[in-house]
Amino acid sequence: MISPEHRQGRKTVDRNEVLLVGRLSAAAEEHALPSGDTVTKWRVIVRRRRHRRGAALTDSIPCVTFNPEVAAIVRTLKPRDCIEVAGSFRCRVFGPSAAKVWRYEVEVSSAKPFEAELTEPDAPAPDPSAGSEGNVTALIPRQVAYLARAA
């Protein structure tokens, strides 16, 4: 139940925080804006939990930053490198009033290479007592096909 303090607007309960860990789909692209700012764009591929038919699905999530330090970090990474990004979910509207296009993206405030091994989302954790005969395949990240560039 929301307290009366929250209902009267004295405290906010709204939060817009995004944390993604996945793989860079392709090299980041930079675009100069009319304002003189530079926006850096890239996509992060994140696997979903296993689908009921056994296939793992992925999401390709668009990310942007206006921060030159974050852009420099992302530019050092190669496609398929693991990355962790944090930021906020944004909805941007483009185009003339008669043909608006809505796009959703993560505006990234921090990024860093992610060094830990990624496991399959529903794979059981390897048994440390099993030694080297444990479930080694659960530790090997699956390859994700490159996505077609959206127009």
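Criteria and cut-off values
Residues numbered from 1 in each chain as written. Predicted model: local features only at pLDDT ≥ 70, side-chain atom pairs only at ≥ 80, totals over all residues. Heavy atoms only, no water. Patch = residues over 30% accessible without salt bridge, like charges linked within 9 Å, V, L, I, M, F, W, Y side chains within 5 Å. Areas by Shrake-Rupley, 256 points an atom, 1.4 Å probe, with all protein chains shown as cover. Salt bridge = Lys/Arg side-chain N within 4 Å of Asp/Glu carboxyl O. Helix = DSSP H or I, 4+ residues; strand = E, 2+ residues; numbered from the N terminus. Buried < 20%, exposed > 50% of the residue type's maximum accessible area, 1.4 Å probe, protein only. Pairing = 2+ DSSP bridges.

Trainee: If you had to explain a nonpolar patch on the surface to someone new, which residues and values would you point to?
Mentor: A surface patch of nonpolar side chains, amounting to about 450 Å² of accessible area, comprises Phe89, Val93, Trp102 and Tyr104. Among the elements of the structure, strand S5 (82-94) and strand S6 (101-113) are those that each provide at least two residues to the nonpolar patch. Topologically, Val93 is positioned in strand S5. Overall, Val93 belongs to the partly exposed group, its relative accessible area being 41%.

Trainee: I'd like a description of the pairing of strand S1 (residues 18-24), backed by residues and values.
Mentor: Most of S1 sits inside the fold, with five of its seven residues counted as buried. Relative to S5, S1 is paired through six bridges, and the arrangement is antiparallel. Looking at the pairing, Leu20 lines up with Val85 of S5. Across two bridges, the pairing between S1 and strand S3 (residues 38-50) is antiparallel. Its bridge partner lying in S3, Arg23 is registered against Ile45.

Trainee: Which residues make up the pattern of salt bridges, and what are the values?
Mentor: Here the structure, examined in full by the defined rule, presents six salt bridges. Two residues, Glu17 and Arg15, come together in a salt bridge whose shortest N-O distance is 2.6 Å. In this structure, the salt-bridge partner of Glu30 is Arg75, at a minimum N-O distance of 2.3 Å. One end of the pair, Glu30, is in strand S2 (residues 29-32); the other, Arg75, is in helix H2 (residues 68-76), with 45 residues separating them in the sequence. The class of Glu30 is partly exposed, set by a relative accessible area of 43%. In the salt-bridge network here, residues are joined through shared partners; they are Arg90, Arg92, Glu105 and Glu107.

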